[in-house]
Amino acid sequence: MGVIEEDVEEGRSLVDLHTHTHASDGLLAPAALVELASQRGLSVLGITDHDTVDGLPSARVEAERRGVTLVPGVELSTTGVGRELHILGYFVDDQDDVFVRHLCDFAAERRDRIARMVERLNAEGYPVDLERVWELASDGSVGRPHIARALLELGVVADIGDAFDRFLTRGRPVYVPRTPYPPENALALLLANGAVPVLAHPFSTGDVEHALRLLVPAGLRGMEVFYGAYDDTQRAKLEAMAAAWNLIPTGGSDYHGTGVREGRELGNSPVPLATVARLRAVAAELHR
Ligand code: AMP
Ligand code: ZN
Ligand code: FE
Ligand code: FE
């Protein structure tokens, strides 16, 4: 029996459409992620780094070599109503200069925000070295997890979750909110690129129905249902909502590296192959 059949029997999915590499806050290089996906018997891998497509070229080369179908993606951070709201874009065109220029603006804003949070930590007496944070981000899309890793190295926190709870979550004095960026803008940006916009981890928005009333008329085409960290009850609720709103149900693990966060192991969340075909069909329609 081949790897693929064994994995199916173990209930692992062959399709994972939500993963991160070290182009943003994942731990693995894009090629290493593709290699791991191949070892785990995944046939389709979506890479969705935060606000960057820089990991896609090397992932594409490795995917070709290993016979894995790469779904090029991106995960845009937006500011919802008092909450973060993440929009995934599938079959993104990473050669689109206008789109890439917007991503450069997001990167600059991220660097500014992270520098200000490190300044606040320093002012509170925690000797986090900004240079070390840039190093941990390896010139990629920097984020709070990189500060968390620097705090962990210094022994200030017990783990990454502890860093978020004590310093990096909204409401903590160190926390710096990001410049408002409405989700409708992200949808327009993705649609202009030809990428299929999908709502990530919908329960993070607080009120899913409210989010959909805003986002569907603005062009949302899918929503995560098979999300690694969601249980069967949550999935059933989202599946019904996706059907009611005529949204493509998608999903994935939101893998950032092995053991980084519980419930987010690569390939742990089965996504039907038909989902990929449906996303591809909408992408083709958008590119026309
Ligand atoms: P940022 O992009 O700088 O706003 O940081 C958001 C990233 O931090 C997301 O990728 C999350 O996966 C990660 N994150 C948010 N909350 C936590 C947490 N409590 N523990 C670990 N990672 C988290
Ligand atoms: Zn992340
Ligand atoms: Fe997210
Ligand atoms: Fe994610």
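Values in this document were obtained by computation on a predicted structure and should not be read as measured data. (Residues numbered from 1 in each chain as written. Chains lettered and ligands numbered in written order. Predicted model: local features only at pLDDT ≥ 70, side-chain atom pairs only at ≥ 80, totals over all residues. Heavy atoms only, no water.)

Trainee: Would you explain the packing of aromatic side chains in this entry?
Mentor: Within a pair of aromatic rings, the relevant descriptors are the distance that separates the centres and the angle that separates the planes. A complete count under the given rule lists 4 aromatic pairs for this structure. Seen from their ring centres, Phe106 and Tyr181 are 5.0 Å apart, and the 70° between their planes marks the pair as edge-to-face. Of the two residues, Phe106 sits in helix α4 (residues 97–123) while Tyr181 sits in the loop between α7 (160–168) and α8 (183–193), which places them 75 residues apart along the sequence. We note that Phe106, like Tyr181, is buried. Summarising the aromatic geometry, the rings of Phe203 and Tyr230 are spaced 5.0 Å apart at their centres and angled 65° between planes, so their arrangement reads as edge-to-face. One end of the pair, Phe203, is in the loop between β5 (196–199) and α9 (208–215); the other, Tyr230, is in the loop between β6 (222–227) and α10 (232–244), with 27 residues separating them in the sequence. (Phe/Tyr/Trp six-rings, centres within 6.5 Å; stacked < 30°, edge-to-face > 60°. Helix = DSSP H or I, 4+ residues; strand = E, 2+ residues; numbered from the N terminus. Buried < 20%, exposed > 50% of the residue type's maximum accessible area, 1.4 Å probe, protein only.)

Trainee: Is there a simple way to explain the pattern of salt bridges in this structure?
Mentor: If charged atoms from side chains of opposite charge come close, those side chains can pair. One pass over the structure, following the stated rule, counts 13 salt bridges. A salt bridge links Arg132 to Glu153, with the nearest nitrogen and oxygen atoms 2.6 Å apart. One end of the pair, Arg132, is in helix α5 (residues 130–136); the other, Glu153, is in helix α6 (residues 144–153), and 21 residues separate them in sequence. For Arg221, the salt bridge identified is with Glu285, shortest N-O distance 3.3 Å. Of this pair, Arg221 sits in the loop between α9 and β6 while Glu285 sits in helix α11 (residues 273–287), placing them 64 residues apart in sequence. Taking the relative accessible area as the measure of exposure, Glu285 reaches 38% and is therefore partly exposed. Counted as one network, the salt bridges with shared partners bring together Glu35, Glu62, Arg65 and Arg66. (Salt bridge = Lys/Arg side-chain N within 4 Å of Asp/Glu carboxyl O.)

Trainee: Would you take a moment to explain the site of ligand 1 for this structure?
Mentor: Residues in close proximity to ligand 1 include Asp25, His50, Arg110, Arg113, Gly143, Arg144, Pro145, Ile160, Phe164, His256 and Arg261, which together make up its full environment. For ligand 1, an oxygen atom lies 3.4 Å from a polar atom in the side chain of His256. Contacts to ligand 1 include Arg261, whose side-chain N or O atom sits 3.3 Å from an oxygen atom. Alone, ligand 1 offers 500 Å² of accessible surface; in the complex the protein occludes 83% of this. In this structure, ligand 1 is accommodated by the largest pocket. Elements that contribute at least two residues to the shell around ligand 1 include exactly α4, α6 and α7. Here the residues of the shell around ligand 1 sort into 3 nonpolar, 3 polar and 5 charged. Of the domains in this structure, domain 1 (10–95 + 181–286) and domain 2 (103–168) are the two that each give at least three residues to the shell around ligand 1. (Near = heavy atom within 4 Å. Polar contact = N/O pair within 3.5 Å; in protein donor to acceptor, adjacent residues only side chain to side chain. Areas by Shrake-Rupley, 256 points an atom, 1.4 Å probe, with all protein chains shown as cover. 1 Å grid on protein atoms, 1.4 Å probe; cavity = no way out; pocket = protein on both sides within 12 Å on 5 of 7 lines; lining within 4 Å. Sits in = over half its atoms within 2 Å of the grid points. Nonpolar A, V, L, I, M, F, W, Y, C, P; charged D, E, K, R; others polar. Domains from an automatic or database assignment.)

Trainee: So what exactly am I meant to see when it comes to the domain arrangement of the protein chain here?
Mentor: Interfaces are often sized by the amount of accessible area the parts lose when they come together. Once the domains are mapped, the protein chain shows domain 1 (10–95 + 181–286) and domain 2 (103–168). Once you take the C-alpha centre of each, domain 1 and domain 2 turn out to be 25 Å apart. Each partner contributes residues to the interface: domain 1 has 15 residues there, and domain 2 has 11 residues. Where domain 1 abuts domain 2, roughly 1000 Å² becomes buried across the two surfaces, and 52% of that area is made up of carbon and sulfur atoms. Contact with domain 2 buries area across many residues of domain 1, yet His22, Asp25 and Asp51 alone supply 40% of it, more than any other trio. Summed over the shared surface of domain 1 and domain 2, the number is 2 salt bridges. (Contact = heavy atoms within 4.5 Å. Buried area = accessible area lost by both parts, 1.4 Å probe.)

Trainee: Hey, could you run me through the environment of Thr48 in this one?
Mentor: Along the chain, the position of Thr48 falls in strand β2 (residues 44–50). For Thr48, a relative accessible area of 0% puts it in the buried group. Spatially, the C-alpha atom of Thr48 lies 8.2 Å from that of Thr21, the residues being 27 residues apart in sequence. Every residue in contact with Thr48, bar those within four places of it in the chain, is listed here: Leu17, His18, Thr19, His20, Gly73, Val74, Glu75, Leu88 and Tyr90.

Trainee: Where do I start with the nonpolar core in this structure?
Mentor: General note: in soluble globular proteins, nonpolar side chains tend to be found buried as a group. Counting 60 residues, the largest nonpolar core has Leu17, Leu45, Tyr90 and Met223 as its most contacted members. Grouped together as the second largest cluster of nonpolar side chains are 20 residues, Met117, Leu121, Val128 and Ala150 included. (Core = buried A, V, L, I, M, F, W, Y, C linked by side-chain atoms within 4.5 Å.)

Trainee: Would you mind going over the sheet that holds strand β3 (residues 69–79) with me for this structure?
Mentor: Two pairing modes exist for strands in a sheet, parallel and antiparallel, and in both the strands are linked by backbone hydrogen bonds. One open sheet accounts for 7 strands, arranged β1-β2-β3-β4-β5-β6-β7; its pairing is mixed. Taken across any chain shown, the strands that pair with only one partner, and hence form the sheet edges, are β1 (15–16) and β7 (248–252). Bridge analysis of β3 against strand β4 (residues 84–90) gives 7 bridges, and the strand direction is antiparallel. Following the sheet pairing, Thr78 is matched in β4 by Leu85. Sitting on the sheet, helix α3 (residues 56–66) is in contact with β2 and β3, with an inclination near 155° to β3. (Pairing = 2+ DSSP bridges. Axes fitted to C-alpha atoms, helices over the stretch in contact; angles between N-to-C directions.)

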